[in-house]
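Here is how the chains run, residue by residue.
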2 protein chains.
Amino acid sequence: MVSNKEINNNAAELDVMLKRMHDMVIQHVKEGQDLHSVVNYRSPAELYKAVDLGLPEQGAGVDGTFDLIKNTLDYSVNSWNPRFMDKLYAGTNPIGVISEFLLGVLNGNCHVYHVSPVLTLMEVEVTKAVGKLLGMGEHANGLFCPGGSASNLLAMVTARNYLYPSIKTTGYIPRPFNPNAEYGKLKVFTSAHCHYSIDKAALVLGLGTESVVKVPTNEKSQMRVDVLEQLIQESIERGETPFFINATAGTTVMGAFDPIRSISAVAKKYNCWLHVDGSWGGSAIFSETVREKLGWLDGSGLADSFTMNPHKLLGVPLQCSMVVTPHEMLFPKANTLAADYLFHGNPYDLGAGTIGCGRRPDALKIFLAWKFYGRDGLGQRIDRAINAASDFTDLVRERKQFELVTDPSLFCQVCFWYVPKELEEQVKTWKKDPQVWKAKMTRIIHLLHERVNHSGDFLVDHAPLDNLPHFFRIVINAPTVNVHRDLGALLDAIEDASKNIAWNEVSL
Amino acid sequence: MVSNKEINNNAAELDVMLKRMHDMVIQHVKEGQDLHSVVNYRSPAELYKAVDLGLPEQGAGVDGTFDLIKNTLDYSVNSWNPRFMDKLYAGTNPIGVISEFLLGVLNGNCHVYHVSPVLTLMEVEVTKAVGKLLGMGEHANGLFCPGGSASNLLAMVTARNYLYPSIKTTGYIPRPFNPNAEYGKLKVFTSAHCHYSIDKAALVLGLGTESVVKVPTNEKSQMRVDVLEQLIQESIERGETPFFINATAGTTVMGAFDPIRSISAVAKKYNCWLHVDGSWGGSAIFSETVREKLGWLDGSGLADSFTMNPHKLLGVPLQCSMVVTPHEMLFPKANTLAADYLFHGNPYDLGAGTIGCGRRPDALKIFLAWKFYGRDGLGQRIDRAINAASDFTDLVRERKQFELVTDPSLFCQVCFWYVPKELEEQVKTWKKDPQVWKAKMTRIIHLLHERVNHSGDFLVDHAPLDNLPHFFRIVINAPTVNVHRDLGALLDAIEDASKNIAWNEVSL
């Protein structure tokens, strides 16, 4: 039971609790950087036994709660360990922790200026600066959303509201069903390798997943612009209305960048909104090498909206995602509803442009990271990741039983199969029938993957693509990854896992 | 510029930075509880001058970044000050800060179990426990969403997908436009005093804001169930399909609770989904008094989905919002798309049921608050707020120039006008014409409100309702609010502000 004294003495109580957190946290971070296990893996049933997850009637106070905090640290993934390479985000860094800590203390809300003045201006400035980096010019602006899917959803809603404002009030009823509509069935175009949030956005909007046209990709996993145009023409001929083209800057599985500039030309020609889903690769714009030499994001300034997640490639704690646009006042114009009780007409009341109300001031986190590391330091982080992925690709290529899915790797993911020596001849036979190859090789990868992940030494992922067998997808992101120490060791671990499997006895 | 040494020694760097944060944070919290100013108010133009909001090419490192952090604390709203009574959230508490700090350190993601095992089970357990409190039984489950609007949106999407699954694939094309559809124009029913996120959800879904039928309220701001039924019948007669009824548990402006049990009977009769938007008042279920005596949330267990924001009434840091349901596996069944690369078939991979992908483990925050304070301690927080609001209502009633909008106050908001003594006679005349009264009195409130808020001693809000003039809306939430010290002083401040305005010279 909490006394009034405690309630009224927050500073004293916080002082005590912060001191207690300090050592636990530093210890946790040390264990991560010293490569203690990535995770002390437990199944749900085992974890329920290991940790008391009951919710009490009476408060457990400081001691009881700190026992639980300790357990949470012990049984969670230690993302400070560079061998956590499972997802597109990595562990964060000291300024990342500080920024979450600060947000917790402030408990601000970026819906209206007067309750979060500094945090609001940080959002204004950082979206403007990102827009400038992307080449969107002086009027660039944007909004933070709770994740890349939410950003892509906001972009699609905004495009629809902007292009066909009648849908806002009367709803979506296209031609030929509604002969008076100024649009036919709305269609979305995106590459076959795009993130599934594009499908989910179309589903949410009531367009249906069938409204999403998947454009085939070339050998580098990029959208084929010639086929895009052809598919748009066919759609128009059917009386539909292509309205939204999504180019992916850094696909989820392979890391491919769609050719934004040429896609933009098609978008202009057919009056489509051009959105770029740069949730994963968009942050690469911070790298001078990417901007000026590799040119992967060339044409970004031509996009009508662009999603970028600093919580992925830039090491900012999750969630930190934004949509930026070159169009002035786009979001409030497209999305505002009269909510007089909240918005009293201040253009800095950013919430008016969102599809929500209260909003976490996530902009602070990229703002502080940018201040701390500089554009230059963040760019170096990207360069380091790209170089490490390239070096790792070399390592994989050199090892006998490994087979790269794409060579060279396209970005920061390295994707490969492992063919156990004992099965080499069989694999050659399987490959003659793509379905057999897919089924058997997928099973091999799943078995190896489970062994590697449950060891606790690494967390990596497996992924599907087109009709290929599943493969290992290793994401290089954390600046603390060491190619030989960590990535060489991963390949060793896969080899060891294979040695411990009696492949000839396994039914594949 | 950051050296490799620093990058590879996160623990040492974090140690230094946390020590530096410690004193600044404790100082900030102390200033809040000692009633230093709520905000050192600056307009955007002034704030740009006071704080360096430039984003540098080269990193500013620890010193430069801490200057900015100091500025951020100095010019932000100090929500630890109980006189921040402007919004439905208040400042947080020590365990709230600790929970954000911990989330920053973990940098977890609640889309799949294996990257956030403990955090996933916390989400499973806390939504189940909340569902039980609401009376939803053993199968209760839920998901956390980034805010109440997002929760309400998820509820509406889920209802639509569950009731009319064909919309997921082929899109929303209702009768009579599509004679083969199993539904007419989909209609949403909600009270005239509901939160605007219901309108935004209908807008996002492509139903259009016209699909939202606003049911009139009674003298206690509650939805009129007789009129609800009548409006549903009329809608059916027009060939439309009423599908979603939203009951509000704690309206945004007045704090009214719609009668859930009787609304549920109507929902059942007409095969509608019953959603309860308890973003504000839902957490009151933690109070035994509310559950067993006041009965405001009676019938909650009959809802198909229920939104609750612990970041409002329970003092958990923003964002912390959930939707709970009695229906087993509802969210994945209704909302999943095949995303093979991410979801490998584990029922604990909660992301499958969301409309997003990566997701912040916000469940940890209410879990830790519950562990720390107990159900009982959280319930006491609610009781304290309700009692303080009632005492404050008494104070307002006693003062001559104040006029309550509702007496007694309905929940934790106290709403009133202030009539300057000099204008008493005029106000009597204005009241004869509702439009004149609304325009003039609104102007009076706006002028007083600006004075009070810009003083920095208080932050309070003004709000509109129906055709009434705007009024002060004071939200009682923080357990540190003292009725006489803080709320009496607020009334004094309004009186003082009025004294400093030469009302007879102001053009109203």
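Residues numbered from 1 in each chain as written. Chains lettered and ligands numbered in written order. Predicted model: local features only at pLDDT ≥ 70, side-chain atom pairs only at ≥ 80, totals over all residues. Heavy atoms only, no water.

**Digging into the interface of chain A and chain B**
Listed by partner, the interface residues are 157 residues for chain A and 158 residues for chain B. For the pair chain A and chain B, the summed buried surface comes to about 14,200 Å²; carbon and sulfur atoms form 67% of the total. Inspection of the region where chain A meets chain B yields six salt bridges. Put simply, chain A and chain B have 68 residue pairs in polar contact (both at pLDDT 80 or more) between them. Ranked by residues supplied to the side of chain A that touches chain B, first place goes to helix 2 (residues 10-33) of chain A with 16 residues. Considered class by class, the residues forming the side of chain A that touches chain B number 83 nonpolar, 49 polar and 25 charged. (Contact = heavy atoms within 4.5 Å. Buried area = accessible area lost by both parts, 1.4 Å probe. Salt bridge = Lys/Arg side-chain N within 4 Å of Asp/Glu carboxyl O. Polar contact = N/O pair within 3.5 Å; in protein donor to acceptor, adjacent residues only side chain to side chain. Helix = DSSP H or I, 4+ residues; strand = E, 2+ residues; numbered from the N terminus. Nonpolar A, V, L, I, M, F, W, Y, C, P; charged D, E, K, R; others polar.)

**A few points about the sheet that holds strand 8 (residues 402-404) of chain B**
To summarise the sheet geometry, strands pair through backbone hydrogen bonds and adopt either a parallel or an antiparallel arrangement. Residue and element names in this part refer to chain B. With antiparallel pairing, four strands are arranged side by side in an open sheet as 8-9-11-10. Edge positions in the sheet fall to strand 8 and strand 10 (461-465), since each has one partner strand and no second. Averaged over all pairs of adjacent strands, the angle between their axes in this sheet comes to 45°, without regard to strand direction. Pairing geometry for strand 10 and strand 11 (residues 468-475), over four bridges, is antiparallel. Within strand 11, the residue paired with Leu465 across the bridge is Leu468. Set on the sheet, helix 17 (residues 434-454) makes contact with strand 9 (413-418), strand 10 and strand 11; between it and strand 11 the angle comes to about 30°. Across the sheet, helix 18 (residues 483-499) lies against strand 8, strand 9 and strand 11, angled at about 20° from strand 9, the strand it touches most. (Pairing = 2+ DSSP bridges. Axes fitted to C-alpha atoms, helices over the stretch in contact; angles between N-to-C directions.)

**So, the packing of helix 5 (residues 94-106) of chain B against helix 15 (residues 363-398) of chain B**
Residue and element names in this part refer to chain B. It is at 9 Å that the axes of helix 5 and helix 15 come closest, and there the two elements cross at 140°. The angle between the axes of helix 5 and helix 15 places the two elements in the oblique class. The element helix 5 and its partner helix 15 pack so that their crossing is right-handed. In contact with Ile95, Ser99, Glu100, Leu102 and Leu103 of helix 5, helix 15 contributes Leu364, Lys365, Leu368, Ala369, Phe372 and Tyr373. Of the residues contributing to the contact of helix 5 with helix 15, the split by class is eight nonpolar, one polar and two charged. (Parallel < 35°, antiparallel > 145°, perpendicular 65-115°, else oblique. Left-handed = near helix turned anticlockwise from the far one by under 90°.)

**Overview of the relation of the copies chain A and chain B**
For the pair chain A and chain B, the superposition axis carries a translation of 0.0 Å, the fit reaches an RMSD of 0.0 Å, and the rotation angle comes to 180°. What the rotation and shift describe, once combined, is the action of a two-fold rotation axis. Both copies share a contact surface, since 100% of the interface residues of chain A are interface residues in chain B too. (Least-squares fit on C-alpha atoms with pLDDT ≥ 70 in both.)

**Describing the environment of Tyr41 of chain A**
The topology assignment puts Tyr41 of chain A in the loop between helix 2 and helix 3 (44-50). Residue class for Tyr41 of chain A comes out partly exposed when judged on its relative accessible area of 23%. Separated by 34 residues in sequence, Tyr41 of chain A and Tyr75 of chain A place their C-alpha atoms 7.2 Å apart. Tyr41 of chain A has contacts with Glu46 and His454 of chain A together with Tyr113 and His114 of chain B, leaving out every residue within four places of it along the chain. (Buried < 20%, exposed > 50% of the residue type's maximum accessible area, 1.4 Å probe, protein only.)

**Points about helix 18 (residues 483-499) of chain A**
Residue and element names in this part refer to chain A. With 17 residues, helix 18 extends 23 Å between its outermost C-alpha atoms, agreeing within 8% with the 24 Å of an ideal straight helix rising 1.5 Å per residue. Residues of helix 18 that are buried: Val483, Asp486, Leu487, Gly488, Ala489, Leu490, Leu491, Ile494, Ala497 and Ser498. Those residues of helix 18 that are buried are in contact with helix 15 (363-398), strand 8 (402-404), strand 9 (413-418), helix 17 (434-454) and strand 11 (468-475). A side-chain oxygen of the first residue of helix 18 lies 3.1 Å from the backbone nitrogen of His484; this N-cap is Asn482. (Expected span 1.5 Å × (residues − 1).)

**A word on the nonpolar core**
Counting residues in hydrophobic clusters, the biggest one holds 186 residues, and the most contacted among them are Ile245 of chain A together with Ile245 of chain B. Those residues in contact with Ile245 of chain A, other than ones at most four positions away along the chain, are Phe189, Leu228, Ile232, Ile263, Val266, Ala267, Cys272, Trp273, Leu274 and His275 of chain A. (Core = buried A, V, L, I, M, F, W, Y, C linked by side-chain atoms within 4.5 Å.)

**What about the UniProt feature "modified residue: N6-(pyridoxal phosphate)lysine" (unreviewed entry) in chain A?**
Residue and element names in this part refer to chain A. Per the UniProt record, "modified residue: N6-(pyridoxal phosphate)lysine" (unreviewed entry) is annotated on Lys312. Within the fold, Lys312 resides in helix 13 (residues 310-313). Residue contacts for Lys312: discarding those within four places in its chain leaves Leu88, Tyr89, Ser279, Trp280, Arg381 and Asn477. (UniProt positions renumbered as here; feature names shortened; annotations may be inferred.)

**Observations concerning the pattern of salt bridges**
Summed over the entire model, instances satisfying the criterion amount to 62 salt bridges over all chains. Here Asp407 of chain A makes a salt bridge to Arg397 of chain A, at a shortest N to O gap of 2.7 Å. One end of the pair, Asp407 of chain A, is in the loop between strand 8 and strand 9; the other, Arg397 of chain A, is in helix 15, with ten residues separating them in the sequence. We classify Asp407 of chain A as partly exposed; its relative accessible area is 43%. Two residues, Glu240 of chain B and Lys187 of chain B, come together in a salt bridge whose shortest N-O distance is 3.7 Å. Of the two residues, Glu240 of chain B is situated in the loop between helix 10 (225-237) and strand 4 (241-248) and Lys187 of chain B in strand 2 (residues 186-191); the sequence distance between them amounts to 53 residues. Judged by relative accessible area, Lys187 of chain B falls into the buried class, the value being 10%. Several salt bridges share partner residues, and in doing so they unite Glu100, Arg360, Asp362 and Lys365 of chain A together with Glu100, Arg360, Asp362 and Lys365 of chain B into one network.

**Re the sheet that holds strand 2 (residues 186-191) of chain A**
Residues and elements named next belong to chain A. Read from one edge to the other, the open sheet built from seven strands follows the order 1-7-6-5-4-2-3, with strand pairing classed as mixed. Across the chains shown, the open sheet's two edge strands, defined by having one partner strand only, are strand 1 (141-145) and strand 3 (212-215). Pairs of neighbouring strands in the sheet enclose a mean axial angle of 20°, with direction left out of account. Across four bridges, strand 5 (residues 273-278) lies against strand 6 (residues 305-308) in parallel orientation. When the sheet's bridge partners are listed, His275 is paired in strand 6 with Ser305.

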